[in-house]
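Report on the structure
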Amino acid sequence: MTLLVTGSSGFLGRRAAAYLASLGHTVLTPSHSQLDITRESSVRVWFAEHRPDAVIHCAAISDTGVCQREPERSHVVNVEGPVLLAKACRETGAKLVFCSSDQVYSGSPYPGPHCEEEPLSPGNVYGRQKLLAEQQCAALCPDTVSLRLSWMYDDQSLPGEHGHFLTTLLSALRDPAQPLSWPVHDFRGMTHVGEVVRNLPAALSLPGGVYNFGAENDRDTFHTVRALLERLYLQEPLSRLTPNQEAFAQNPRDIRMDASTLHAAGITFRTTLQGLTETLGNLL
(Lines give C-alpha, C1' and ligand atoms only; values in the text may rest on other atoms or scores of the structure.)
Protein backbone atom coordinates (compact mmCIF):
# COMPACT_ATOMS: atom_id res chain seq x y z
CA MET A 1 0.00 0.00 0.00
CA THR A 2 0.97 3.61 -0.47
CA LEU A 3 0.43 5.39 2.84
CA LEU A 4 0.56 9.04 3.77
CA VAL A 5 1.66 9.62 7.36
CA THR A 6 1.19 13.20 8.52
CA GLY A 7 3.10 14.55 11.49
CA SER A 8 5.99 12.26 10.64
CA SER A 9 8.41 14.31 12.74
CA GLY A 10 6.27 13.91 15.86
CA PHE A 11 6.28 11.35 18.67
CA LEU A 12 3.78 8.97 17.06
CA GLY A 13 4.18 9.88 13.41
CA ARG A 14 7.90 9.22 13.10
CA ARG A 15 7.56 5.80 14.73
CA ALA A 16 4.49 4.93 12.66
CA ALA A 17 6.23 5.88 9.42
CA ALA A 18 9.32 3.80 10.22
CA TYR A 19 7.31 0.74 11.26
CA LEU A 20 4.96 0.80 8.28
CA ALA A 21 7.90 1.17 5.92
CA SER A 22 9.55 -1.86 7.56
CA LEU A 23 6.47 -3.89 6.58
CA GLY A 24 7.06 -3.08 2.93
CA HIS A 25 4.55 -0.27 2.49
CA THR A 26 5.43 2.80 0.47
CA VAL A 27 5.28 5.49 3.15
CA LEU A 28 5.03 9.13 2.13
CA THR A 29 6.11 11.72 4.70
CA PRO A 30 5.93 15.11 2.96
CA SER A 31 7.30 18.18 4.65
CA HIS A 32 5.07 21.14 5.48
CA SER A 33 6.29 22.95 2.36
CA GLN A 34 5.31 19.94 0.24
CA LEU A 35 1.91 19.39 1.88
CA ASP A 36 0.23 22.04 3.99
CA ILE A 37 -2.82 20.27 5.42
CA THR A 38 -4.41 23.62 6.32
CA ARG A 39 -4.49 24.85 2.68
CA GLU A 40 -7.09 23.29 0.41
CA SER A 41 -5.11 23.94 -2.76
CA SER A 42 -2.01 22.27 -1.31
CA VAL A 43 -3.98 19.21 -0.23
CA ARG A 44 -5.80 18.88 -3.54
CA VAL A 45 -2.63 19.17 -5.65
CA TRP A 46 -0.66 16.76 -3.47
CA PHE A 47 -3.39 14.10 -3.50
CA ALA A 48 -3.87 14.41 -7.25
CA GLU A 49 -0.18 13.72 -7.76
CA HIS A 50 0.44 11.00 -5.16
CA ARG A 51 -2.97 9.32 -4.63
CA PRO A 52 -2.22 7.36 -1.44
CA ASP A 53 -4.30 4.29 -0.62
CA ALA A 54 -4.67 5.42 2.99
CA VAL A 55 -3.84 8.31 5.28
CA ILE A 56 -2.73 8.02 8.89
CA HIS A 57 -3.22 11.50 10.23
CA CYS A 58 -0.99 12.06 13.26
CA ALA A 59 -0.28 15.78 12.85
CA ALA A 60 -1.83 18.01 15.50
CA ILE A 61 -1.21 20.71 18.05
CA SER A 62 -1.51 18.33 20.99
CA ASP A 63 -0.28 20.57 23.81
CA THR A 64 -3.50 21.22 25.72
CA GLY A 65 -2.07 24.41 27.21
CA VAL A 66 -1.26 25.84 23.78
CA CYS A 67 -4.77 24.98 22.59
CA GLN A 68 -6.28 26.81 25.57
CA ARG A 69 -4.14 29.89 24.92
CA GLU A 70 -4.38 29.88 21.13
CA PRO A 71 -7.69 28.26 20.22
CA GLU A 72 -7.96 29.91 16.79
CA ARG A 73 -4.53 28.72 15.67
CA SER A 74 -5.03 25.21 17.05
CA HIS A 75 -8.49 25.01 15.43
CA VAL A 76 -6.91 25.51 12.02
CA VAL A 77 -4.55 22.57 12.55
CA ASN A 78 -6.73 20.30 14.68
CA VAL A 79 -10.05 20.73 12.87
CA GLU A 80 -9.66 22.41 9.49
CA GLY A 81 -6.65 20.25 8.56
CA PRO A 82 -8.40 16.90 9.17
CA VAL A 83 -11.48 18.16 7.32
CA LEU A 84 -9.42 18.97 4.23
CA LEU A 85 -7.82 15.54 4.38
CA ALA A 86 -11.25 13.89 4.71
CA LYS A 87 -12.43 15.74 1.62
CA ALA A 88 -9.38 14.60 -0.31
CA CYS A 89 -9.84 11.01 0.86
CA ARG A 90 -13.48 11.08 -0.23
CA GLU A 91 -12.50 12.37 -3.68
CA THR A 92 -9.67 9.88 -4.21
CA GLY A 93 -11.04 6.83 -2.40
CA ALA A 94 -8.30 6.75 0.24
CA LYS A 95 -8.96 5.35 3.72
CA LEU A 96 -8.56 7.93 6.51
CA VAL A 97 -7.30 6.92 9.93
CA PHE A 98 -7.60 9.95 12.20
CA CYS A 99 -5.65 10.07 15.46
CA SER A 100 -7.99 11.48 18.07
CA SER A 101 -7.53 11.58 21.85
CA ASP A 102 -8.82 10.39 25.20
CA GLN A 103 -9.19 14.11 25.98
CA VAL A 104 -12.64 13.96 24.38
CA TYR A 105 -13.68 12.39 27.71
CA SER A 106 -12.34 15.25 29.81
CA GLY A 107 -15.09 16.95 31.74
CA SER A 108 -17.41 13.95 31.45
CA PRO A 109 -19.98 13.68 34.25
CA TYR A 110 -19.74 9.91 33.94
CA PRO A 111 -17.08 7.84 35.69
CA GLY A 112 -14.64 5.90 33.55
CA PRO A 113 -13.83 3.68 31.87
CA HIS A 114 -15.62 5.48 29.05
CA CYS A 115 -17.14 3.83 26.00
CA GLU A 116 -17.34 5.33 22.53
CA GLU A 117 -21.12 5.78 22.51
CA GLU A 118 -21.54 7.91 25.63
CA PRO A 119 -22.53 11.59 25.35
CA LEU A 120 -19.54 13.91 25.31
CA SER A 121 -18.87 17.48 26.39
CA PRO A 122 -15.07 17.85 26.59
CA GLY A 123 -13.80 20.17 29.28
CA ASN A 124 -10.85 21.60 27.36
CA VAL A 125 -10.23 23.16 23.95
CA TYR A 126 -8.08 20.29 22.68
CA GLY A 127 -10.75 17.71 23.51
CA ARG A 128 -13.47 19.80 21.88
CA GLN A 129 -11.38 20.23 18.74
CA LYS A 130 -10.64 16.52 18.48
CA LEU A 131 -14.30 15.64 18.91
CA LEU A 132 -15.37 18.17 16.30
CA ALA A 133 -12.78 16.81 13.87
CA GLU A 134 -14.03 13.25 14.46
CA GLN A 135 -17.58 14.31 13.68
CA GLN A 136 -16.78 16.37 10.61
CA CYS A 137 -14.45 13.75 9.12
CA ALA A 138 -17.11 11.06 9.57
CA ALA A 139 -19.74 13.27 7.92
CA LEU A 140 -17.49 13.89 4.91
CA CYS A 141 -15.93 10.45 4.70
CA PRO A 142 -18.07 7.81 6.47
CA ASP A 143 -15.40 5.11 6.44
CA THR A 144 -13.06 7.31 8.52
CA VAL A 145 -11.56 5.40 11.44
CA SER A 146 -11.01 7.68 14.43
CA LEU A 147 -8.64 6.31 17.05
CA ARG A 148 -8.95 7.79 20.53
CA LEU A 149 -5.39 7.53 21.80
CA SER A 150 -4.28 7.64 25.41
CA TRP A 151 -1.18 9.15 27.01
CA MET A 152 1.78 7.44 25.29
CA TYR A 153 5.31 6.62 26.39
CA ASP A 154 8.31 4.81 24.94
CA ASP A 155 11.36 3.01 26.29
CA GLN A 156 13.55 5.39 24.34
CA SER A 157 13.56 9.08 23.49
CA LEU A 158 14.53 10.04 19.97
CA PRO A 159 16.58 13.19 19.23
CA GLY A 160 14.61 16.40 19.62
CA GLU A 161 11.79 14.89 21.66
CA HIS A 162 10.38 16.19 24.92
CA GLY A 163 10.08 13.90 27.91
CA HIS A 164 7.07 11.73 28.66
CA PHE A 165 5.71 9.81 31.65
CA LEU A 166 8.35 7.09 31.60
CA THR A 167 11.34 9.42 31.21
CA THR A 168 10.04 11.52 34.10
CA LEU A 169 9.60 8.44 36.27
CA LEU A 170 13.02 7.03 35.36
CA SER A 171 14.71 10.31 36.24
CA ALA A 172 13.06 10.31 39.66
CA LEU A 173 13.92 6.65 40.26
CA ARG A 174 17.59 7.25 39.48
CA ASP A 175 17.93 10.36 41.62
CA PRO A 176 17.00 9.88 45.30
CA ALA A 177 16.95 13.65 45.70
CA GLN A 178 13.99 13.97 43.34
CA PRO A 179 10.49 13.73 44.81
CA LEU A 180 8.17 10.93 43.73
CA SER A 181 4.66 12.31 43.93
CA TRP A 182 1.70 11.51 41.67
CA PRO A 183 -1.96 12.62 41.73
CA VAL A 184 -4.74 10.56 43.26
CA HIS A 185 -7.49 12.50 41.47
CA ASP A 186 -6.26 11.64 37.98
CA PHE A 187 -7.41 8.45 36.24
CA ARG A 188 -6.14 7.67 32.75
CA GLY A 189 -4.64 4.95 30.61
CA MET A 190 -1.00 4.97 29.51
CA THR A 191 0.08 3.08 26.41
CA HIS A 192 3.46 2.11 24.98
CA VAL A 193 3.68 3.89 21.62
CA GLY A 194 5.12 0.72 20.08
CA GLU A 195 1.83 -1.08 20.70
CA VAL A 196 -0.09 1.73 19.02
CA VAL A 197 2.21 1.58 16.01
CA ARG A 198 2.06 -2.21 15.71
CA ASN A 199 -1.73 -2.12 15.79
CA LEU A 200 -2.04 0.50 13.04
CA PRO A 201 -2.09 -2.03 10.16
CA ALA A 202 -5.10 -3.71 11.79
CA ALA A 203 -6.73 -0.29 12.26
CA LEU A 204 -6.57 0.24 8.51
CA SER A 205 -8.98 -2.67 8.11
CA LEU A 206 -11.51 -1.49 10.69
CA PRO A 207 -14.92 -0.34 9.48
CA GLY A 208 -15.58 3.38 9.73
CA GLY A 209 -16.24 4.53 13.28
CA VAL A 210 -14.68 5.63 16.55
CA TYR A 211 -12.48 3.32 18.61
CA ASN A 212 -10.83 3.64 22.02
CA PHE A 213 -7.32 2.70 20.97
CA GLY A 214 -5.07 2.22 23.95
CA ALA A 215 -4.40 0.59 27.31
CA GLU A 216 -7.08 0.21 29.93
CA ASN A 217 -6.40 1.13 33.55
CA ASP A 218 -8.26 0.53 36.81
CA ARG A 219 -6.18 2.80 39.05
CA ASP A 220 -5.47 6.49 39.56
CA THR A 221 -1.98 7.66 38.62
CA PHE A 222 -0.58 7.47 42.17
CA HIS A 223 -1.79 3.91 42.70
CA THR A 224 -0.60 2.93 39.23
CA VAL A 225 2.92 4.06 40.13
CA ARG A 226 2.73 2.39 43.54
CA ALA A 227 1.62 -0.94 42.03
CA LEU A 228 4.40 -0.63 39.44
CA LEU A 229 7.09 -0.12 42.09
CA GLU A 230 5.69 -2.97 44.16
CA ARG A 231 5.72 -5.36 41.21
CA LEU A 232 9.34 -4.51 40.47
CA TYR A 233 10.35 -4.69 44.16
CA LEU A 234 11.74 -1.15 44.12
CA GLN A 235 11.71 -0.56 47.85
CA GLU A 236 13.77 2.64 48.06
CA PRO A 237 11.63 4.56 45.53
CA LEU A 238 8.51 3.12 47.12
CA SER A 239 9.52 4.62 50.45
CA ARG A 240 9.74 8.06 48.76
CA LEU A 241 6.43 7.82 46.91
CA THR A 242 3.76 10.21 48.17
CA PRO A 243 0.25 10.97 46.95
CA ASN A 244 -0.42 14.37 45.41
CA GLN A 245 -3.75 15.32 46.93
CA GLU A 246 -3.92 18.81 45.40
CA ALA A 247 -3.69 18.18 41.65
CA PHE A 248 -7.16 17.86 40.06
CA ALA A 249 -8.75 17.99 43.53
CA GLN A 250 -11.25 20.67 42.50
CA ASN A 251 -12.04 18.93 39.23
CA PRO A 252 -11.06 15.24 39.34
CA ARG A 253 -10.09 13.85 35.95
CA ASP A 254 -11.18 10.42 34.76
CA ILE A 255 -10.44 9.82 31.08
CA ARG A 256 -9.90 6.06 31.23
CA MET A 257 -11.18 4.21 28.18
CA ASP A 258 -13.15 1.00 27.79
CA ALA A 259 -11.57 -0.99 24.94
CA SER A 260 -14.35 -3.58 24.56
CA THR A 261 -15.24 -2.45 21.04
CA LEU A 262 -11.63 -2.77 19.97
CA HIS A 263 -11.28 -6.20 21.58
CA ALA A 264 -14.35 -7.38 19.67
CA ALA A 265 -12.54 -6.37 16.48
CA GLY A 266 -9.56 -8.53 17.44
CA ILE A 267 -7.18 -5.74 18.50
CA THR A 268 -5.76 -5.81 22.03
CA PHE A 269 -3.39 -3.82 24.21
CA ARG A 270 -1.68 -4.70 27.45
CA THR A 271 -3.18 -2.98 30.47
CA THR A 272 -1.42 0.14 31.66
CA LEU A 273 0.19 -1.70 34.56
CA GLN A 274 1.26 -4.66 32.42
CA GLY A 275 2.86 -2.42 29.82
CA LEU A 276 4.67 -0.23 32.31
CA THR A 277 5.89 -3.19 34.35
CA GLU A 278 7.36 -4.98 31.35
CA THR A 279 8.87 -1.83 29.85
CA LEU A 280 10.40 -0.45 33.05
CA GLY A 281 11.56 -3.90 34.10
CA ASN A 282 13.57 -4.17 30.88
CA LEU A 283 15.17 -0.77 31.45
CA LEU A 284 16.31 -1.27 35.03
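To start, this report covers the structure provided alongside it. (Residues numbered from 1 in each chain as written. Predicted model: local features only at pLDDT ≥ 70, side-chain atom pairs only at ≥ 80, totals over all residues. Heavy atoms only, no water.)

1. Side note on the packing of aromatic side chains
Inspection of the entire model under this criterion finds four aromatic pairs. Judged by centre distance (5.0 Å) and plane angle (55°), the ring pair of Phe165 and Trp182 falls under tilted. You can see Phe165 sitting in helix H6 (residues 165-174) and its partner Trp182 sitting in strand S7 (residues 180-183), a full 17 residues away along the chain. Here Phe165 falls in the buried class, since its relative accessible area comes to 2%. Aromatic side chains Phe213 and Phe269 sit 5.2 Å apart centroid to centroid with 80° between the ring planes, which places their arrangement in the edge-to-face category. Here Phe213, found in the loop between strand S10 (209-212) and helix H8 (221-231), pairs with Phe269, found in the loop between helix H10 (260-264) and helix H11 (272-283); they are 56 residues apart in sequence, far enough to count as distant. Exposure remark for Phe269: the relative accessible area of 12% places this residue in the buried category. Put simply, the rings of Trp151, Phe165 and Trp182 touch in pairs and so form one group of aromatic residues. Sitting over the face of the ring of Phe11, Arg15 holds its NZ or CZ atom 4.3 Å from the ring centroid. (Phe/Tyr/Trp six-rings, centres within 6.5 Å; stacked < 30°, edge-to-face > 60°. Helix = DSSP H or I, 4+ residues; strand = E, 2+ residues; numbered from the N terminus. Buried < 20%, exposed > 50% of the residue type's maximum accessible area, 1.4 Å probe, protein only. Lys NZ or Arg CZ within 6 Å of the ring centre and 35° of its normal.)

2. Points about the pattern of salt bridges
The tally for this structure, following the rule as stated, stands at 12 salt bridges. As a salt-bridge pair, Glu70 and Arg73 come within 2.7 Å of each other at their nearest N and O atoms. For Arg73, a relative accessible area of 43% corresponds to the partly exposed category. In this structure, Arg270 and Glu195 form a salt bridge, with 3.0 Å as the shortest nitrogen-oxygen distance. Taken as a pair, Arg270 in the loop between H10 and H11 and Glu195 in helix H7 (residues 193-203) lie far apart in primary sequence, 75 residues in all. A relative accessible area of 10% places Glu195 in the buried class. One salt-bridge network, in which partners are shared between bridges, spans Glu195, Arg270 and Glu278. (Salt bridge = Lys/Arg side-chain N within 4 Å of Asp/Glu carboxyl O.)

3. A look at the sheet that holds strand S2 (residues 26-28)
Taken together, the six strands give an open sheet; going across it, the order is S2-S1-S3-S4-S5-S10, and neighbouring strands pair in parallel fashion. Each edge of the open sheet is held by one strand with a lone partner, namely S2 and S10. With strand direction ignored, the average angle separating the axes of adjacent strands in the sheet is 20°. Relative to strand S4 (residues 95-101), strand S3 (residues 54-57) runs parallel, the two sharing four bridges. (Pairing = 2+ DSSP bridges. Axes fitted to C-alpha atoms, helices over the stretch in contact; angles between N-to-C directions.)

4. Let's talk about empty space enclosed by the protein
Following the criterion strictly, the structure yields one cavity of 30 Å³ or more and no others. The volume enclosed by the largest cavity comes to roughly 50 Å³. Taken together, Glu40, Val43, Arg44, Leu84, Lys87, Ala88 and Glu91 make up the lining of the largest cavity. The set of elements that each furnish at least two residues to the lining of the largest cavity consists of helix H2 (40-50) and helix H4 (71-92). The element contributing the most residues to the lining of the largest cavity is H4, with four residues. (1 Å grid on protein atoms, 1.4 Å probe; cavity = no way out; pocket = protein on both sides within 12 Å on 5 of 7 lines; lining within 4 Å. Points joined across faces, edges and corners; volume = space filled by probe spheres on them.)

5. So, the environment of Pro71
One can find Pro71 in helix H4. Apart from residues no more than four positions distant in its own chain, Pro71 is found in contact with Val125 and Gln129. (Contact = heavy atoms within 4.5 Å.)

6. Section: the nonpolar core
Among the nonpolar cores identified, the biggest contains 27 residues, and Leu12, Ile56, Leu147, Leu149 and Phe213 are the most heavily contacted of them. At the level of secondary structure, the elements contributing two or more residues to this core comprise strand S1 (2-6), helix H1 (11-22), S3, S4, strand S5 (145-149) and H7. Top contributing element to this core by residue count: H7, with five residues. Apart from residues no more than four positions distant in its own chain, Leu149 is found in contact with Leu12, Cys99, Ser100, Ser101, Asp102, Val196, Phe213 and Met257. The next biggest cluster of nonpolar side chains, apart from the first, holds 21 residues, and it includes Trp182, Phe222, Leu241 and Leu276. (Core = buried A, V, L, I, M, F, W, Y, C linked by side-chain atoms within 4.5 Å.)

7. Digging into the packing of H8 against H11
Where H8 contacts H11, the axes come no closer than 10 Å and their chain directions differ by 45°. Relative to H11, H8 is oriented oblique. As for how H8 packs across H11, the hand of that crossing is right-handed. For the pair formed by H8 and H11, the contact residues are Thr224, Ala227, Leu228 and Arg231 on the first element and Thr272, Leu273, Leu276, Thr277 and Leu280 on the second. Classifying every residue of the contact of H8 with H11 by side-chain character gives five nonpolar, three polar and one charged. (Parallel < 35°, antiparallel > 145°, perpendicular 65-115°, else oblique. Left-handed = near helix turned anticlockwise from the far one by under 90°. Nonpolar A, V, L, I, M, F, W, Y, C, P; charged D, E, K, R; others polar.)

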